[in-house]
Amino acid sequence: MRGVTAPNRCVVSPMVQYRATDGLVNDYHLVHLGKFALGKFGTVFTENCAVEPRGRVTQGDLGMWHDSQVEGHKRLVRFLKQEGALAATQITHSGRKGSTPRAFDKPGELGPAGANWQRWEVVGPSALAAADGWMVPHQLEAREIEDLVKKFGEAARRADAAGYDVIEIHGAHGYLLAQFLSPLSNTRNDQYGGDRAGRMRFPLAAAKAVRDNWPEHKPMFIRVSAVDGAGGWDVDDTVAYAKELKALGIDVVDVSSGGLTGVSTALPVKRSLGFQVPFSAAVKRQAEISTMAVGLILDGPQAEAILQAGDADLIAIGRQALYDPFWALHAAQELGCDGDFGMWTPEYGWWLEKRKNNLVGLKK
Ligand SMILES: Cc1cc2nc3c(=O)[nH]c(=O)nc-3n(C[C@H](O)[C@H](O)[C@H](O)COP(=O)(O)O)c2cc1C
């Protein structure tokens, strides 16, 4: 991709952990993400990192809004690269879906017990809440939108300073960029609303600001919800958007879906294995841009079939990587590419290969 080469097409999908204080990378993030690099995923994404404090989903999210955050990212990047992975980060603004409890908190709880997590004002294209009981956002003024565009650019500059190889904008799951795209959440009648071109104006400006502040030789991704899950934005809209993104120099569209209303990825269609792959295929073929497929991709043969069908260029693994941090190595074994543990870090692989002989004929 541009000037960087991933050792394989397996990618760890961004997964927020709610473990940061003041947006800073700490030991938890190093160990959590470091084990995926040891598991030989070709590209390891951090969770979504907010471009300003009110753009966090929860108070525990990572940040890319201040220069003081760069040092912690550097340490993480150093380790991921040392183990052979591309280091990738996702930058975001949660918009009206900010200041929320963690996914697993009980109703009424906000953050870890005793930690006194604060609520903050949330923002959006229009003063419309994501769902009943959610905060009504402050409607952003045009000058505030222009300020946010700059913040996306500044976050990209920091990500580069930290040494990341890949940057992705989180434009999916009903967060700020997606809120601007859908006519259900964006009822503005200025230049940032109205027809599709108006609703795309802010997301495209943010993407351009990132591209302008991100080195030429490094690839840039954007995550989209191919359909918003509520009937306001569909695959044809996404294809038109992807063509504009391609013209701005965005290299890969990471194709997810849903989340405009309520919980983060709530698509009212039946979930099945690889249920978002057809969206990736449509974007890849119709907008003629590289794509990453994500969502209920469970094993090597399934991932390989998606690639062989030409439905995506990269495969992002989320929850299955939590279940099995060595997913990429196990996929290689399932596909018959690594019979001798040669792809493993030698500190593990040498022993596991030797053990194979010890195991012959042994019974429990
Ligand atoms: C714990 C967790 C945290 C997540 N955080 C993010 C995030 O920060 N950014 C994002 O774009 N998606 C996030 N997602 C969505 C995943 O990246 C992925 O798209 C989704 O889990 C579907 O893929 P899977 O079936 O392989 O898990 C998160 C998912 C999980 C399970």
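Up top is the structure these notes are about.
Counting of residues starts from 1 at the beginning of each chain's written sequence and follows it residue by residue. With pLDDT at 70 or above as the cut-off, local features in this predicted model cover only qualifying residues; side-chain atom pairs require 80 or more to be listed or tallied, and sums for whole chains, interfaces and linings still use all residues.

A. The site of the ligand, seen in detail. The full set close to the ligand counts 19 residues, and Ser-13, Met-15, Asn-48, Gly-318 and Arg-319 are the nearest of them. Those elements that place two or more of their residues in the shell around the ligand are strand E2 (43–50) and helix H9 (319–323). Polar here means any residue other than Ala, Val, Leu, Ile, Met, Phe, Trp, Tyr, Cys and Pro, which are nonpolar, and Asp, Glu, Lys and Arg, which are charged; Gly is therefore polar. Taken together, the residues of the shell around the ligand sort by class into 8 nonpolar, 8 polar and 3 charged. Residues are classed as near a molecule or strand if the C-beta position derived from their backbone is within 6 Å of it. The way it works is that DSSP assigns letters per residue, a run of H or I at least four long becomes a helix, a run of E at least two long becomes a strand, and they are numbered from the N terminus.

B. Structural detail: unusual backbone geometry. The backbone of Arg-2 sits at a positive phi, close to 45 degrees, despite the residue not being glycine. Take Arg-2: it is sitting in the segment before strand E1 (10–12). The phi angle at Asn-116 is positive, at roughly 55 degrees, despite the residue not being glycine.

C. Region of the structure containing the packing of helix H5 (residues 196–212) against helix H6 (residues 235–247). Every angle, taken between N-to-C directions, lies between 0 and 180 degrees, and every axis is a line fitted to C-alpha atoms, over only the stretch in contact when it is a helix. Across the interface, H5 lies against H6 with an axial gap of 11 Å and an inter-helix angle of 40 degrees. Comparing their axes, H6 and H5 come out oblique. Along this stretch, H5 crosses H6, giving a crossing that reads as right-handed. Contacts from Arg-196, Met-200, Leu-204 and Ala-207 of H5 reach H6 at Asp-237, Ala-240, Tyr-241, Glu-244 and Leu-245. A breakdown of the residues in the contact of H5 with H6 according to their chemical character gives 6 nonpolar, no polar and 3 charged. With respect to orientation, any angle under 35 degrees is reported as roughly parallel, any angle over 145 as roughly antiparallel, any angle of 65 to 115 as roughly perpendicular, and every other angle as oblique. Crossing handedness: left-handed means the near helix sits turned counterclockwise from the far one by under a right angle, and right-handed means the same turn made clockwise. Once C-beta atoms are placed from the backbone, any two residues with those atoms within 7 Å are in contact.

D. Structural context of helix H10 (residues 327–334). Exposure in this text rests on C-beta crowding, where 20 or more other C-beta atoms within 10 Å of a residue's own make it buried, 12 or fewer make it exposed, and counts in between make it partly exposed. The C-beta atoms are placed from the backbone. What H10 keeps buried is the set Trp-327, Ala-328, Leu-329, Ala-331 and Ala-332. Tucked into the core, H10 has its buried residues touching E1, helix H8 (300–308), strand E11 (314–317) and H9. With its phi angle positive at about 75 degrees, Gly-336 sits one or two positions after the end of H10.

E. Inspection of the nonpolar core at higher detail. Think of a nonpolar core as buried Ala, Val, Leu, Ile, Met, Phe, Trp, Tyr and Cys residues chained together by C-beta atoms that fall within 7 Å. Membership of the largest hydrophobic core comes to 92 residues, with the highest contact counts inside it found for Val-11, Val-44, Phe-152, Val-210, Met-292, Ala-293 and Ile-315. Among the elements that line this core, the one with the most residues is helix H3 (residues 142–162), at 7 residues. Other than its neighbours up to four places away in sequence, Ile-315 contacts Arg-9, Cys-10, Val-11, Ala-293, Ile-297, Ala-303, Ile-306 and Leu-307.

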